[in-house]
Amino acid sequence: MLSAVDKARLDALYQNLSENSQHFLGYPCANDLDYENLFRFLQFPINNVGDPFQDSTYRLATREIEQEVVHFFADLFRAPQDDYWGYVTNGGTEGNLYGLYLARELYPNGVVYFSEETHYSVAKNVHFLGLRHIMIRTLENGEIDYEDLKESIKLHRDVPAIIFANIGTTMKEAKDDIRQIQKILDDLVIQQRYIHCDGALCGPFAQFLDPRPAFDFVDGADSVAISGHKFIGSPLPCGVVIAKKRYVDRIGRSIGYIGSMDTTITGSRNAFTPLLLWQAIKQLGKDGLKARLQSCQAVAAYTVDAMNAKGIHAWRNPGALTIVIPKVSEFVKNKWQLATQDDHSHVITMPGVTTAHIDALIADMTKELA
Ligand SMILES: Cc1ncc(COP(=O)(O)O)c(C=O)c1O
């Protein structure tokens, strides 16, 4: 039993979260969640320890559900049918670490190339793995500078190239074109190469963008990671990583204690988040994901127009849900939870963001301008 004081504390926290969720426009997390029917699974100590595709002595698990999630995303990312593997991660960061881990096992002396607008966790991941890296300049829209990339790789033609590509950068939702990157590697005759795509935000919908960015396995990726709590939406951070199986086979070790292979980064693994993702993809399917994208894009277009009409310089990359605006005041930043870096802030029209939210934000901004 909780004491009255502790209960009141929870009530106050609940109230606070309810209010803040009405002013949540700056982080790329869907805010239209409805997972109540899964609450009953919270009574079990479920854990997907070990490889999702192998039985384990630990049977309080959701591995079959996890497998279906992996199959769905492998299909969405056009992974080679007989050569893919994946698992549900704790988020984009872990999926990115996994891709880089596979790359390092393949090319321990490789150099990792990523753009200066890459998520802050990537430099840390590379440091964990003891890999060398070179940071590449970005173009004005946040996309990697292909000339700078080419010149940098040219100086290191004697070592394998590990490319960490962004399919939606954190601040501007810019997409690096991995076909162009492949061409650079071809031109420089770099045969030992690995391309990881960070699709934290855009991975689940990139296939439906028009024009479609080059980001998946058919385009040349060796692994793709997404966050589950971003576009799809989840109350718990989660993600999915899909990789070529032949690379994963190099790292697995059989562990007697769990009766499975150790192919993932963590030991214990969340068995509840696969249920959340499974329910979302079953309800949405590919058509639903596409429709979800289109309604978010409509709000994004509305945001740019409405802000420009009020004299606020707002822009977005083609098809993006991220609207880049000049740095907002402390008041607006805190009230609307707008991520801000250097002289930019951004608004992200994720599922759950309506034109009414945007109108209220613009009213706050224009009040200050006046
Ligand atoms: C481009 C990009 N990559 C990776 C991440 C990290 O993802 P997660 O927070 O799911 O670990 C983010 C988070 O915002 C991101 O924007």
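This structure is a prediction, so every number in the text was calculated from the model and none was measured.

1. Description of helix α12 (residues 355–369)
No. 1: Taking 1.5 Å of rise per residue, 15 residues should cover 21 Å, and α12 covers 21 Å from first to last C-alpha, within 8% of that figure.
No. 2: Buried within α12 we find His357, Ile358, Leu361, Ile362, Asp364 and Met365. Down the axis of α12, the smallest arc covering the buried residues is 155°, so these residues share one side. Turned more than 90 degrees away from the buried face of α12, the exposed residues are Ala356 and Lys367.
No. 3: For α12, the elements touching its buried residues are α10 (273–309), β10 (322–326), α11 (330–336) and β12 (344–348).

2. Observations regarding the pairing of strand β6 (residues 223–227)
A regular strand places its side chains on the two faces of the sheet in alternate fashion.
No. 1: In terms of burial, β6 is a largely internal element, 5 of the 5 residues being buried.
No. 2: Sheet topology note: the strand β5 (residues 193–198)/β6 ladder contains 3 bridges and is parallel. Across the sheet, the residue bridging to Asp198 is Ala225, located in β6.

3. Remarks on the site of the ligand
No. 1: The environment of the ligand is made up of Gly91, Gly92, Thr93, Asn96, His119, Gly168, Thr170, Asp198, Ala200, Ser227, His229 and Lys230.
No. 2: In this structure, an oxygen atom belonging to the ligand sits 2.9 Å away from a side-chain N or O atom of Thr170.
No. 3: At 3.3 Å, a side-chain N or O of His229 approaches an oxygen atom of the ligand.
No. 4: For the ligand, the accessible surface in isolation is 390 Å², of which the surrounding protein chains cover 85%.
No. 5: The cavity where the ligand resides is the largest pocket.
No. 6: Among the elements of the structure, α3 (92–106) and α8 (229–233) are those that each provide at least two residues to the shell around the ligand.
No. 7: Counting residues per element, the shell around the ligand draws most heavily on α3, at 3 residues.

4. Section: the state of the cysteines
No. 1: Scanning the entire structure with this criterion turns up 0 disulfides.
No. 2: Here Cys29 stays unpaired: no disulfide links it, and the sulfur of Cys238, its closest cysteine neighbor, is 10 Å away.

5. What to know about the packing of aromatic side chains
No. 1: Counted by the stated rule, this structure contains 10 aromatic pairs.
No. 2: Between Phe73 and Phe77 the ring centres are 6.0 Å apart and the planes differ by 40°, which places this aromatic pair in the tilted class. Neither Phe73 nor Phe77 differs from the other in exposure class; each is buried.
No. 3: Residues Tyr194 and Tyr247 carry aromatic rings whose centres are separated by 5.6 Å and whose planes lie at 50° to one another, so their mutual orientation is tilted. One end of the pair, Tyr194, is in strand β5; the other, Tyr247, is in helix α9 (residues 245–248), and 53 residues separate them in sequence.
No. 4: Accessibility expressed as a relative area gives 0% for Tyr194, which makes it buried.
No. 5: Through a chain of ring-to-ring contacts, the aromatic side chains of Phe72, Phe73, Phe77 and Phe215 assemble into a single cluster.
No. 6: In this structure, Arg292 is placed above the aromatic ring of Phe231, and the distance from its NZ or CZ to the ring centre is 5.6 Å.

The rules behind these values
Residues numbered from 1 in each chain as written. Predicted model: local features only at pLDDT ≥ 70, side-chain atom pairs only at ≥ 80, totals over all residues. Heavy atoms only, no water. Helix = DSSP H or I, 4+ residues; strand = E, 2+ residues; numbered from the N terminus. Expected span 1.5 Å × (residues − 1). Buried < 20%, exposed > 50% of the residue type's maximum accessible area, 1.4 Å probe, protein only. Arc of directions from axis to C-beta. Contact = heavy atoms within 4.5 Å. Pairing = 2+ DSSP bridges. Near = heavy atom within 4 Å. Polar contact = N/O pair within 3.5 Å; in protein donor to acceptor, adjacent residues only side chain to side chain. Areas by Shrake-Rupley, 256 points an atom, 1.4 Å probe, with all protein chains shown as cover. 1 Å grid on protein atoms, 1.4 Å probe; cavity = no way out; pocket = protein on both sides within 12 Å on 5 of 7 lines; lining within 4 Å. Sits in = over half its atoms within 2 Å of the grid points. Disulfide = S-S within 2.5 Å. Phe/Tyr/Trp six-rings, centres within 6.5 Å; stacked < 30°, edge-to-face > 60°. Lys NZ or Arg CZ within 6 Å of the ring centre and 35° of its normal.

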